[in-house]
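Analysis of the macromolecular model
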Amino acid sequence: MRLYQQAMPGLRLVSGAGALGRLAAECDRLGVSRVGLVCSGSLMRDAAQAGALRAALGGRLAGVFSEVRAHSPLPAVEAAAQALRGMGADAVLAAG
């Protein structure tokens, strides 16, 4: 199953089998050069998943914010936004 959803300008959801393999093409399509990765700490502690994300982003990875908690409380969202600005990210990849 593939799901492409453009819910609002600037937001695109790509999921399903093979989505990670299409990440570089999505970045090229959007003209993205610096991706800020937002995810949970548990995802980053999973060496296979973290490695796959890092490999898929390659040199585009601007940095990682892995302090996301369930239900995204406002202070966590504000901290993520501040971290992304500090990374100089021109796009955000939310993974989880």
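As the structure is a computational prediction, the values presented were derived from the model and not from experiment.

1. So, helix α1 (residues 23-30)
Residues of α1 that are buried: L23, E26 and C27. Each buried residue of α1 sits inside an arc of 100° when the element is viewed along its axis, so together they form one side. A positive backbone phi angle near 70° is found at G31, which sits one or two residues after α1.

2. What to know about the sheet that holds strand β3 (residues 35-38)
Taken in spatial order, the 3 strands of this open sheet run β4-β3-β5, and their pairing is parallel. Either end of the sheet is taken by a strand with one partner, and the two such strands are β4 (61-65) and β5 (91-94). Going from strand to strand, the sheet's axes swing by 25° on average, the running direction of each strand aside. Of the pairings in the sheet, the one linking β3 to β5 comprises 4 bridges and is parallel in character.

3. A look at the side chain of R22
In this fold, R22 is placed in the loop between β2 (11-16) and α1. The side chain of R22 sits in the buried core without any salt bridge; E26 is the nearest counter-charge, 6.0 Å away. Separated by 3.2 Å, the side chain of R22 and the backbone oxygen of G18 make a polar contact.

The rules behind these values
- Residues numbered from 1 in each chain as written.
- Predicted model: local features only at pLDDT ≥ 70, side-chain atom pairs only at ≥ 80, totals over all residues.
- Heavy atoms only, no water.
- Buried < 20%, exposed > 50% of the residue type's maximum accessible area, 1.4 Å probe, protein only.
- Helix = DSSP H or I, 4+ residues; strand = E, 2+ residues; numbered from the N terminus.
- Arc of directions from axis to C-beta.
- Pairing = 2+ DSSP bridges.
- Axes fitted to C-alpha atoms, helices over the stretch in contact; angles between N-to-C directions.
- Lys, Arg positive; Asp, Glu negative; His and termini not counted.
- Salt bridge = Lys/Arg side-chain N within 4 Å of Asp/Glu carboxyl O.
- Polar contact = N/O pair within 3.5 Å; in protein donor to acceptor, adjacent residues only side chain to side chain.

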